[in-house]
Amino acid sequence: MKLSNFFLPILRDVPSDATIKSHQLMLRSGMIRQSASGIYSWLPLGFKVLKKIESIVRDEQNKAGAQEMLMPTIQSADLWKESGRYDGYGLEMLRIRDRQDRELLYGPTNEELITQIFRDNVKTYKSLPLILYHIQWKFRDEIRPRFGIMRCREFLMKDSYSFDENKEGAIISYNKMFCAYLKTFERLGLRAIPMAADTGPIGGDLSHEFIILADTGESQIFTSKKILDLKISDFKNDSESLAKMVKSYTDIYSATDEKFNQSDFDKSVEKKDQLVTRGIEVGHIFYFGDKYSKPMKALVNSSEGKNITIEMGSYGIGVSRLAGAIIEANYKDNVMKWPASVTPFHVAVIYLGKKNDETLKKKTSDVYEKLLNNSFEVLLDDTDESPASKFKNFDLIGIPYQIIIGAKQSGDEFEFKELGEEKEIINLDIIINKLKKIYFN
Ligand code: 5CA
């Protein structure tokens, strides 16, 4: 992509309504624009990042055995009346009437709809266990939307739903998602900590929030520094190893302010290991047994020939919120550096030569073509802006690697720079090999 053609409306000033780093950066670098309170459009730069986050989330769900589908954003109110949540959900639900005066709603979550799909199509335990998921926009009429896409009204969520014959199976599904979540956040370059949590309007008695550490986070968290030393790569994928891994995390005291208890904390975590900080909730998982399957009569024929109510859980990841969370974790001293897994472009080529230096321009365009031919996503700055302004823009765009081409350039040696590091002069083929190792290994 050439910057001269790219729709990237960069703002010079920090918008006054944006109080946290991620909101400021997303507006300034032209990733998003607000269209109504708590409702945003994703412009090309932001959309690229969102799609990359989504594809990592999808990949880890598929690896955990979950199957992707797509449910609509608009749901019938009748289903929510069946589960008993229609009245209780309150003002956060956007309720709609169609021309036939039928009651509809914009889905804030999908437990009811997936339970209906399951109940109408699965009759025997032989189809179990089953985990279904989709990645779809949700609407919650938050009383005070804030922090840009971090707490907004329309947001992209990955929500999975598990169906098992009994509680034992449901806990295995829960553990699978628990581990898939840790892997997902690790691939996004984030350190996520699972925390015992309140279940709120989703319900059930077992639930964990996944929180990434960030000073601007809405949740206060209490845990032990020891949780930071745990490594998911040390565990295998069978149900026993998964249970052990979950236990290694849940044995360590971690709680958000809702569940926090000072004397339990002091008893469980030595003073020197206590970690009290703030974080951003990027995922939330729930085991709620028959909370929906019982009122909605989702039954299957069990292995013992009886009609039994299905055991369920649900598992959410805030896909759009993750874009903000990744920025909060990586944007420092006015420089953004995207993790390699979600960077909107792999490498920037920045032309600093004169407007009329056709030889240098040709060389730059050869470098650009060669990178494209090697399957890299490249943003070529072919504009006439001053070098200072170009570098300032690239600090906002956050592409982690730059090839800088200026008047001093000679032969096949180029200035190569990792954001925040010293630049080196190296041969283009070596640069390409370096980048291949970073992005394609
Ligand atoms: N049905 C369950 C799991 S599928 C559920 O809805 N869980 S949730 O309410 O915790 O939401 C899941 C995730 O969506 C949260 O962890 C958070 O990352 C994201 N999320 C929730 N509300 C918002 C919001 N207003 N703005 C942006 N992201 C949100």
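Description of the structure in this document. Remember, predicted model here, so these are calculated numbers, not experimental data. (Residues numbered from 1 in each chain as written. Predicted model: local features only at pLDDT ≥ 70, side-chain atom pairs only at ≥ 80, totals over all residues. Heavy atoms only, no water.)

**Digging into the pairing of strand β8 (residues 154–164)**
Counting buried residues in β8 gives 10 out of 11 residues, a clear majority hidden from the surface. As paired strands, strand β7 (residues 130–139) and β8 are joined by 10 bridges and run antiparallel to one another. From the neighbouring strand, leucine 130 faces β8, where its bridge partner is phenylalanine 163. (Buried < 20%, exposed > 50% of the residue type's maximum accessible area, 1.4 Å probe, protein only. Helix = DSSP H or I, 4+ residues; strand = E, 2+ residues; numbered from the N terminus. Pairing = 2+ DSSP bridges.)

**Some thoughts on the packing of helix α5 (residues 167–187) against helix α6 (residues 239–250)**
For the pair α5 and α6, the least separation of the axes is 9 Å and the interaxial angle reads 65 degrees. When the axis of α5 is compared with that of α6, the two are roughly perpendicular. The crossing of α5 and α6 is left-handed. Of the residues in α6, those touching α5 at Ile172, Asn175, Lys176, Phe178, Cys179 and Leu182 are Ser239, Leu242, Ala243, Met245, Val246, Tyr249 and Thr250. Here the residues of the contact of α5 with α6 sort into 9 nonpolar, 3 polar and 1 charged. (Axes fitted to C-alpha atoms, helices over the stretch in contact; angles between N-to-C directions. Parallel < 35°, antiparallel > 145°, perpendicular 65-115°, else oblique. Left-handed = near helix turned anticlockwise from the far one by under 90°. Contact = heavy atoms within 4.5 Å. Nonpolar A, V, L, I, M, F, W, Y, C, P; charged D, E, K, R; others polar.)

**As for the layout of surface pockets**
In this structure, the largest pocket encloses a volume near 920 Å³. Lining the largest pocket are 41 residues, and of these Arg140, Arg151, Glu281, His284 and Arg321 lie nearest its centre. When contributions to the lining of the largest pocket are tallied by element, the ones reaching two or more residues are β8, β13 (274–289) and β16 (311–318). The greatest single-element share of the lining of the largest pocket, amounting to 6 residues, is contributed by β13. In terms of residue class, the lining of the largest pocket is made up of 16 nonpolar, 12 polar and 13 charged. The space that makes up the second largest pocket amounts to roughly 220 Å³. The wall of the second largest pocket is formed by Leu352, Ile404, Ile405, Gly406, Ala407, Lys408, Gln409, Ser410, Glu413, Phe414, Glu415 and Ile425. Breaking the lining of the second largest pocket down by element, the ones donating at least two residues are β19 (401–405) and β20 (413–418). When the residues that make up the lining of the second largest pocket are grouped by side-chain class, the tally is 6 nonpolar, 3 polar and 3 charged. (1 Å grid on protein atoms, 1.4 Å probe; cavity = no way out; pocket = protein on both sides within 12 Å on 5 of 7 lines; lining within 4 Å. Points joined across faces, edges and corners; volume = space filled by probe spheres on them.)

**Some thoughts on the site of the ligand**
Taken together, the neighbourhood of the ligand is formed by 22 residues, with Thr109, Glu111, Arg140, Cys152 and Glu281 sitting nearest. One nitrogen or oxygen atom from the main chain of cysteine 152 is found 2.9 Å from a nitrogen atom belonging to the ligand. The side chain of glutamate 281 places a nitrogen or oxygen atom 2.4 Å from an oxygen atom of the ligand. Protein burial of the ligand: of its 600 Å² of free accessible surface, 95% is covered by the chains. More than half of the atoms belonging to the ligand lie within 2 Å of the grid points that define the largest pocket. In terms of residues, the shell around the ligand owes the most to one element, β13, which gives 5 residues. Each residue belonging to the shell around the ligand can be placed in one class, and the counts come to 9 nonpolar, 6 polar and 7 charged. (Near = heavy atom within 4 Å. Polar contact = N/O pair within 3.5 Å; in protein donor to acceptor, adjacent residues only side chain to side chain. Areas by Shrake-Rupley, 256 points an atom, 1.4 Å probe, with all protein chains shown as cover. Sits in = over half its atoms within 2 Å of the grid points.)

The quantities given are spatial measurements derived from coordinates; they are silent on function.
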